[in-house]
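Overview (structure and organization)
Below are the chains, spelled out letter by letter.
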Amino acid sequence: MDELDHKLLLRLTKDARATVTDLARDLGVSRGTVQNRIDKLLHLKVIHRFTVELGSSEDDHQVSAFTLIRLKADDGRVTQASLRRMEAVMDIHTLSGNFDIVVEIRTSSLKRLDGILDQIRALPDVAETQSHIRLSTG
């Protein structure tokens, strides 16, 4: 990845809906160059997905939590694959320290969050969870 790729990624993280034409103008390159770079970054799995971030009025109707997961086994691939299939799981990261994985969960109510946490705790390799509800985003 070169400087242009990094600039393109920065722009896309700020606005994933930006058109290729607008990105090309902002970066001072051709539309084809931007499209080729995006295609390459997708192919290399540098970009995994394009997503929507809800506005503050929509966030008020969402419950967001971070759940730390300690695994029984050393290899978390099976657990991560199971987590990826859960619709409310937005992000998955591996960690160093006392917990092995952190997931971001977004759902419409505390009741639904509780059900999702039950599903996570029921996964065979999950030894312990600790959840933290997000109150605000700075």
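Description of the structure in this document. Keep in mind the model is a prediction, meaning the values are calculated, not measured.

Considering helix H2 (residues 20-27)
Listing the buried residues of H2 in full gives Val20, Leu23, Ala24 and Leu27. Taken around the axis of H2, the buried residues stretch over an arc of 100 degrees, which confines them to a single face. Turning to H2, the residues buried within the fold contact helix H1 (3-14) and helix H3 (31-43). Of the residues flanking the end of H2, it is Gly28, one or two places downstream, whose phi is positive at about 75 degrees.

Things to note about the pattern of salt bridges
According to the stated counting rule, one finds 10 salt bridges in the structure shown. Asp2 is paired through a salt bridge with Arg37; the nearest N and O atoms lie 2.7 Å apart. With Asp2 in the segment before H1 and Arg37 in helix H3, the pair connects residues that are 35 residues apart, well separated along the chain. Of the charged contacts, one joins Asp75 and Arg77 as a salt bridge, the two residues approaching to 2.7 Å between their closest N and O atoms. With a relative accessible area of 62%, Arg77 lands in the exposed category. Three or more residues joined by partner-sharing salt bridges are found here, namely Asp2, Asp5, Arg37 and Lys40.

Comments concerning the nonpolar core
The biggest cluster of nonpolar side chains holds 18 residues, and the ones touching the most others in it are Ile69, Leu83, Ile101, Val103, Ile105 and Ile120. In this structure, Leu83 is in contact with Ile69, Val89, Ile92, Ile101, Val103, Ile120 and Leu123, ignoring residues within four places of it in sequence. Counting residues in hydrophobic clusters, the runner-up holds 12 residues, among them Leu8, Leu12, Leu27 and Val34.

Considering the packing of aromatic side chains
Applying the stated criterion across every chain, the model contains 0 aromatic pairs. Of note, Arg70 hangs over the ring of Phe99, and the distance from its end group to the ring centre comes to 4.5 Å.

A word on the packing of H1 against H2
With their axes 11 Å apart at the nearest point, H1 and H2 run at an angle of 130 degrees to one another. With respect to their mutual orientation, H1 and H2 come out oblique. Once H1 is placed against H2, the crossing between them reads as right-handed. Where H1 approaches H2, its residues Leu4, Lys7, Leu8, Arg11 and Leu12 are matched on the opposing element by Leu23, Asp26 and Leu27. Its residues placed into classes, the contact of H1 with H2 shows 5 nonpolar, no polar and 3 charged.

Reading guide: rules and limits
- Residues numbered from 1 in each chain as written.
- Predicted model: local features only at pLDDT ≥ 70, side-chain atom pairs only at ≥ 80, totals over all residues.
- Heavy atoms only, no water.
- Buried < 20%, exposed > 50% of the residue type's maximum accessible area, 1.4 Å probe, protein only.
- Helix = DSSP H or I, 4+ residues; strand = E, 2+ residues; numbered from the N terminus.
- Arc of directions from axis to C-beta.
- Contact = heavy atoms within 4.5 Å.
- Salt bridge = Lys/Arg side-chain N within 4 Å of Asp/Glu carboxyl O.
- Core = buried A, V, L, I, M, F, W, Y, C linked by side-chain atoms within 4.5 Å.
- Phe/Tyr/Trp six-rings, centres within 6.5 Å; stacked < 30°, edge-to-face > 60°.
- Lys NZ or Arg CZ within 6 Å of the ring centre and 35° of its normal.
- Axes fitted to C-alpha atoms, helices over the stretch in contact; angles between N-to-C directions.
- Parallel < 35°, antiparallel > 145°, perpendicular 65-115°, else oblique.
- Left-handed = near helix turned anticlockwise from the far one by under 90°.
- Nonpolar A, V, L, I, M, F, W, Y, C, P; charged D, E, K, R; others polar.

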